[in-house]
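# Geometric and topological summary
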Amino acid sequence: MFFFAFLGFCFAMTPEQIKDYIAQNSENIAQLQGTPSKIYASLPPLLYMLYALDPAKISGSNFEWNDYERPYAKKEVQEQPVVGGFFGQGKIPNVEMLLRLNPDLILVNASSRNTKKMSEVFGSIKKPMLYLSATKLEDYLDGFEILGEVTGKQERAARLINYAKESLNLTAQIEEYIRKNNLQKVKFTTRRVATG
């Protein structure tokens, strides 16, 4: 129980912290009038974060859903036009498609903030952009809280945060059990095998 309470303390942001984060990690955010109804996420982890929070707000996808993902993704999300994103060698979003979709807000990976490729693509668009990290599960806690505030989905964000905290707590308990009992951790890898 102590660990779970500790997680709650570590990852809760005050309204002032959220406001400060948005002010320091955004561009053209003053143009955002009210709650955004159309949001483009420039990387798969940010798209997954937005999907978990509110799939109806997704405006364009950054990849085509594959056969393994389609049964789990809502049809209206799968039917979004593929804009592309900042992943893979030499990949950039299709600016013309992005302009046609006209999202109210663009989510960008925080580590891409000052990269030449990002500024070349989004520099001329002048749309509100919010920089979020989505590398570790812990990043999602703050990301959900910030995005929940921006989108007006604070209640849904709180449920997702609680679920993530429970997952982190369970992981910590398992790791502690393994350590206390001097057990060996199991490691596994997966790889796709070509068929045919």
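My aim in this report is to walk through the structure given alongside it, one point at a time. Quick caveat: nothing in here was measured; it's all calculated off a predicted structure.

Basis of the calculations
- Residues numbered from 1 in each chain as written.
- Predicted model: local features only at pLDDT ≥ 70, side-chain atom pairs only at ≥ 80, totals over all residues.
- Heavy atoms only, no water.
- Helix = DSSP H or I, 4+ residues; strand = E, 2+ residues; numbered from the N terminus.
- Buried < 20%, exposed > 50% of the residue type's maximum accessible area, 1.4 Å probe, protein only.
- Contact = heavy atoms within 4.5 Å.
- Phe/Tyr/Trp six-rings, centres within 6.5 Å; stacked < 30°, edge-to-face > 60°.
- Pairing = 2+ DSSP bridges.
- Axes fitted to C-alpha atoms, helices over the stretch in contact; angles between N-to-C directions.
- Parallel < 35°, antiparallel > 145°, perpendicular 65-115°, else oblique.
- Nonpolar A, V, L, I, M, F, W, Y, C, P; charged D, E, K, R; others polar.

### Quick notes on the overall build of the protein chain
The helix and strand tally for the protein chain stands at 8 helices and 4 strands. The proportion of buried residues among the 196 residues of the protein chain is 40%. When contacts within the protein chain are restricted to residue pairs at least 6 apart in sequence, those whose partners lie at least 24 apart make up 58%.

### Notes on helix H3 (residues 44–53)
It helps to recall that an α-helix has 3.6 residues per turn; residues three or four apart then point in one direction. With respect to burial, H3 is a largely interior element, 7 of its 10 residues being buried. By the burial criterion, the buried members of H3 are Pro 44, Leu 46, Leu 47, Met 49, Leu 50, Tyr 51 and Leu 53. Here the buried face of H3 lies against strand E2 (39–41), helix H4 (75–78), strand E3 (105–109), strand E4 (129–132), helix H7 (137–151) and helix H8 (154–180).

### Describing the packing of aromatic side chains
Applying the stated rule across the entire model yields 5 aromatic pairs. Residues Tyr 48 and Phe 63 carry aromatic rings whose centres are separated by 6.0 Å and whose planes lie at 65° to one another, so their mutual orientation is edge-to-face. Note that Tyr 48 is positioned in helix H3 and Phe 63 in the loop between H3 and H4, a separation of 15 residues in sequence. Put simply, the rings of Tyr 48, Tyr 51, Phe 63 and Trp 65 pair up and form one aromatic cluster.

### Topic: the sheet that holds E4
Strand order in the open sheet formed by 4 strands is E1-E4-E3-E2, and the pairing between neighbours is mixed. The open sheet has two free edges, formed respectively by strand E1 (26–27) and E2, since each of these has just one partner strand. Pairing of E2 with E3 involves 3 bridges; the strand directions are parallel. Across the sheet, Tyr 40 pairs through a bridge with Ile 106, a residue of E3. Sheet contacts for H3: E2, E3 and E4; angle to E3, the most-contacted strand, approximately 130°. Against the sheet, H7 touches E2, E3 and E4, its axis set at about 160° to E4.

### Re unusual backbone geometry
Residues apart from glycine generally show negative phi values, whereas peptide bonds are mostly found in trans. Although it is not a glycine, Asn 28 sits at a positive phi angle of roughly 55°. Mapping Asn 28 onto the fold places it in the loop between E1 and E2. Residue classification places Asn 28 among the partly exposed positions, given a relative accessible area of 29%. With a phi angle near 50°, Asn 182 is a residue other than glycine that sits in the positive phi range. Looking at the element boundaries, Asn 182 is found in the segment after H8.

### Details of the packing of helix H2 (residues 15–24) against H7
Following both chains from N to C, one finds H2 and H7 inclined at 85°, their axes separated by 10 Å at the closest point. As judged from the angle between their axes, H2 and H7 are roughly perpendicular. Along its contact with H2, which presents Ile 18, Tyr 21 and Ile 22, the element H7 presents Glu 145, Ile 146, Glu 149 and Val 150. Looking at the contact of H2 with H7 residue by residue, the class counts come to 5 nonpolar, no polar and 2 charged.

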